[in-house]
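Take a look at the letters that make up each chain.
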Amino acid sequence: MQSEPLVTFNGVIKKFGAFVAVQKLDLEIHKGEFLAIMGSSGCGKTTTLRMLAGLDAPTEGEIRLSGKPINDLPTWQRDTPMVWQSLALFPFLNVIENVEFALKMRGVGAKERRTRAENWLERMQISEFATRNIAQLSGGQRQRVALARSLVVEPEILLLDEPLSALDAHLKVRMQSVLQGLQRELGITFVYVTHSQSEAFSMADRVVIMSKGIVEQVGTAQEIYRAPKTRFVAEFLGSSNIFSGKSDGNGMLATPVGKFRLPQDGTSPQKGRSTTMVVLDTRSHLSVEEPGSEFDFVHAKIIGEEFTGATATIYLEAEDGSELRVQKDHDTLAALPIDVGQPLYVSWRPNETHLVSDA
Amino acid sequence: MNDFNRSRFIEIGLRFYVVLSFAFVFAPIAASFIFSFNSDRFPSIPLGAFSTEWYRAVANDPLVWDGLGNTLFVGIIVSVVSTALGFGAAYTDFRYRFFGKPVYMALALLPPTIPVVILGLAMLAYLSRINLSGQSVSVIIAHIVICSPFAMAISRLRLSQMDPDLEAAAWNLGASEWAAMRYVIVPFCLPAIFGALFITMAVSFDEFAIAWFVSGLNETLPVKVLGFLQGQVSPRINVIGTFVFVTSMTLVIIAQILLTRQTRETPAKD
């Protein structure tokens, strides 16, 4: 990535009364990257985006855009257009008037305005709806109008606040590829706020995971998926088995469901220290017989099954009531007795595990 | 509505009840309308011949034209000023949160709840102290006080239908606060603004008690009507009554059409 970041958050804090929405955020957003900010509702992701757009002012800290501090710049003087969750299209204007709006506000002449707006309608493949009312458009068409309206000023950065949340599943996938294609073509920065893992992971170059106003992890989809850094991230992604217990100081983890080998990465925790270890559900195995010594394992009972296309996820419950999950292809599963209540061994290789922080 | 289970008897009874209620409300107005075309001097049955002589008599009365002129002059200024004030108050409520807002809103909505006689008397006492009584401007001031809350209520309703992101989206697209007001808020509220103009004009047009107290020699039409009544029983009252009714109803119906259409135009959320 480029050396000079497009956006820098420097110790940014946002409080609403006593509620701290964003706590000490340090984040760099690079030129031309597709960054997703992901988290559940109330995690501070939208507030972060709104501060960047200039719709909320940081309580503390500094935000820089292209090197310049923008804390005191009102939103109408920043070039940080946003695509809203509600889309916020102007219902009293038709499609092309909506797209022209930002140009009109910037004092662009009527003729040039029309031409530039028409170009964007064409680009978004909605030229035929130019004179339609917003109320007459479908959800996907409105989405395109909202994108055209924001992009018509040719900004360096586009902010998107859960823009696809109102769409049907199949339309969502199509709009995802539209967005991704657009971002590559334009080469501008997209900052995309979402609560959806699939949206963030399938589109973004880097993903920021937030919880309770704190950044839990920043990285590519692969990095985060393979190696969640914190217990929160592992739980949020929901694709790992999580074991908590105490380190015995000799590379073993004592948990309520058994004693397991800790990963041999040279950072063995001190004796007696609370430690959490995770292993991906795709790296976990099922068997009827007790696995060999190269595996660690838990004895558990099946409680349910979920199909996810080429694979299925089996949910199991260990003796202490904790839940485990294993994802396998159908051929592998066909060879196993998959019935609710069936006891099986859930196993993994110790070198497939890694530690996460409990914070 | 699902009236599959409703008994036929109750159905007919309810309809009859509605018709009866309307008849009760509108009978005096209808009577006034019918007698205004009656040639007889006194409103009695059987009716005399159809006649427009009372209309001619009214049309030829310079005092009536005076009253009508005053009413229109007052009505137009009142509707414009009170709609501007009412819209401003509604926008303040929509946009800002501040200490004492419930008190502010209660005060803004108060005037129509005060008995008009008391309000009229208070207005007279106050306006005469500052040498503003007995003029058209006295009626204008008094009417603005009672009309603004209506304009506010109508504007508030419209603003409550607005996606709160709309204004922020305008700012985000480069509109200053004034530009957003001009290009987004006002256009969105336009039907309500016109509705408020018509309703407040109708309220001012009809209002009698306060105008009676403060108008002095610049009587509005309803005050003139009282003058007729006190002097003599004249069918001209029916003519003026019919005229005032038709005018007010027209204004209210126009407002109603504007306000209903805006609701339907609001796009469905999907």
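Residues numbered from 1 in each chain as written. Chains lettered and ligands numbered in written order. Predicted model: local features only at pLDDT ≥ 70, side-chain atom pairs only at ≥ 80, totals over all residues. Heavy atoms only, no water.

Digging into the overall build of chain B
Reasoning step 1: Regarding its fold elements, chain B presents eleven helices and zero strands.
Reasoning step 2: Here the C-alpha coordinates of chain B stretch approximately 70 × 65 × 30 Å along the principal axes.
Reasoning step 3: Out of the 270 residues in chain B, the part that is buried amounts to 40%.
Reasoning step 4: Taking the contacts inside chain B whose residues are at least 6 apart along the sequence as the reference set, 71% of them involve residues at least 24 apart.
Reasoning step 5: Of the accessible surface of chain B, which amounts to about 15,100 Å², a share of 72% is contributed by carbon and sulfur atoms. (Helix = DSSP H or I, 4+ residues; strand = E, 2+ residues; numbered from the N terminus. Buried < 20%, exposed > 50% of the residue type's maximum accessible area, 1.4 Å probe, protein only. Contact = heavy atoms within 4.5 Å. Areas by Shrake-Rupley, 256 points an atom, 1.4 Å probe, with all protein chains shown as cover.)

Remarks on the overall build of chain A
Reasoning step 1: Within chain A, the secondary structure is distributed over nine helices and 20 strands.
Reasoning step 2: With respect to the principal axes defined by its C-alpha atoms, chain A has extents near 75 × 45 × 35 Å.
Reasoning step 3: Taking all 359 residues of chain A together, the buried fraction comes to 51%.
Reasoning step 4: Contacts spanning at least 24 positions in sequence make up 64% of the contacts within chain A whose residues lie at least 6 apart.
Reasoning step 5: For chain A, the centre of its 38 positive side-chain charges and the centre of its 44 negative side-chain charges are spaced 6 Å apart. (Lys, Arg positive; Asp, Glu negative; His and termini not counted. Charge placed at Lys NZ, Arg CZ, Asp CG, Glu CD.)

Observations concerning the nonpolar core
Reasoning step 1: Core analysis: the largest hydrophobic core is formed by 105 residues, its most contacted members being V7(A), F9(A), L52(A), F101(A), L147(A), V191(A) and V207(A).
Reasoning step 2: When residues in this core are grouped by element, the largest group, eight residues, is from helix α8 (residues 177-206) of chain B.
Reasoning step 3: Those residues within four positions of L147(A) in sequence are excluded, and the remaining contacts are V83(A), M124(A), L158(A), L160(A), M175(A), L179(A) and L182(A).
Reasoning step 4: Core analysis: the next-biggest nonpolar cluster, separate from the first, contains 22 residues, L253(A), M277(A), I302(A) and L336(A) among them. (Core = buried A, V, L, I, M, F, W, Y, C linked by side-chain atoms within 4.5 Å.)

Points about a nonpolar patch on the surface
All names here are of chain B.
Reasoning step 1: Together, Y17, V18, F22, F24, V25, F26, M249, I253 and I257 line one region of the surface with nonpolar side chains, adding up to about 930 Å² of accessible area.
Reasoning step 2: Looking at the nonpolar patch, the elements with two or more residues in it are α1 (8-36) and α11 (236-265).
Reasoning step 3: The element that contributes the greatest number of residues to the nonpolar patch is α1, accounting for six residues.
Reasoning step 4: Inspection of the secondary structure puts V18 in helix α1.
Reasoning step 5: Classification of V18 as partly exposed rests on a relative accessible area of 43%. (Patch = residues over 30% accessible without salt bridge, like charges linked within 9 Å, V, L, I, M, F, W, Y side chains within 5 Å. Salt bridge = Lys/Arg side-chain N within 4 Å of Asp/Glu carboxyl O.)

Quick word on the pairing of strand β19 (residues 343-348) of chain A
All names here are of chain A.
Reasoning step 1: With respect to burial, β19 is a largely interior element, five of its six residues being buried.
Reasoning step 2: Of the strand pairs in this sheet, strand β15 (residues 285-287) and β19 are connected by three bridges, and their pairing is antiparallel. Within β19, the position partnered with S287 by the bridge is Y345. (Pairing = 2+ DSSP bridges.)

Description of the interface of chain A and chain B
Reasoning step 1: In this complex, chain A contributes 26 residues to the contact, which on the side of chain B involves 21 residues.
Reasoning step 2: Taking both partners together, chain A and chain B bury about 2,100 Å²; carbon and sulfur atoms supply 68% of that area.
Reasoning step 3: Of all residues in chain A, W76(A), F92(A) and M105(A) bury the most surface against chain B, accounting for 30% of the area lost on that side.
Reasoning step 4: Here chain A and chain B share zero salt bridges between them.
Reasoning step 5: The interface formed by chain A and chain B holds seven residue pairs in polar contact (both at pLDDT 80 or more) in total.
Reasoning step 6: Residues belonging to the side of chain A that touches chain B are distributed by class as follows: 16 nonpolar, six polar and four charged. (Buried area = accessible area lost by both parts, 1.4 Å probe. Polar contact = N/O pair within 3.5 Å; in protein donor to acceptor, adjacent residues only side chain to side chain. Nonpolar A, V, L, I, M, F, W, Y, C, P; charged D, E, K, R; others polar.)

Points about the domain arrangement of chain A
Residue and element names in this part refer to chain A.
Reasoning step 1: If you check the domain split of chain A, you get domain 1 (7-226) and domain 2 (231-356).
Reasoning step 2: Relative placement of domain 1 and domain 2: their C-alpha centres are 38 Å apart.
Reasoning step 3: Tallying the contact residues gives 14 residues for domain 1 and nine residues for domain 2.
Reasoning step 4: For the pairing of domain 1 and domain 2, the buried interface totals around 940 Å² over both sides, and the portion due to carbon and sulfur atoms is 67%.
Reasoning step 5: When the buried surface of domain 1 facing domain 2 is broken down by residue, Q197, Y225 and R226 rank first, second and third, together holding 49% of it.
Reasoning step 6: Applying the counting criterion to the domain 1 and domain 2 interface returns zero salt bridges.
Reasoning step 7: At the level of elements, α6 (197-203), β9 (206-211), β10 (214-219) and α7 (221-226) are the ones that each hand at least two residues to the side of domain 1 that touches domain 2.
Reasoning step 8: Split into classes, the residues belonging to the side of domain 1 that touches domain 2 amount to six nonpolar, six polar and two charged. (Domains from an automatic or database assignment.)

Comments concerning the sheet that holds β10(A)
All names here are of chain A.
Reasoning step 1: Taken together, the six strands give an open sheet; going across it, the order is β6-β7-β8-β3-β9-β10, and neighbouring strands pair in mixed fashion. This sheet does not close on itself; its edge strands, each paired only once, are β6 (82-83) and β10.
Reasoning step 2: With two bridges connecting them, β6 and strand β7 (residues 157-161) associate as parallel partners. Each bridged residue has a counterpart across the sheet, and for V83 the counterpart in β7 is L160.
Reasoning step 3: The strands that helix α1 (residues 45-53) touches are β3 (34-38), β6, β7, β8 (189-194) and β9; relative to β7, the one it contacts most, it runs at about 145°. (Axes fitted to C-alpha atoms, helices over the stretch in contact; angles between N-to-C directions.)

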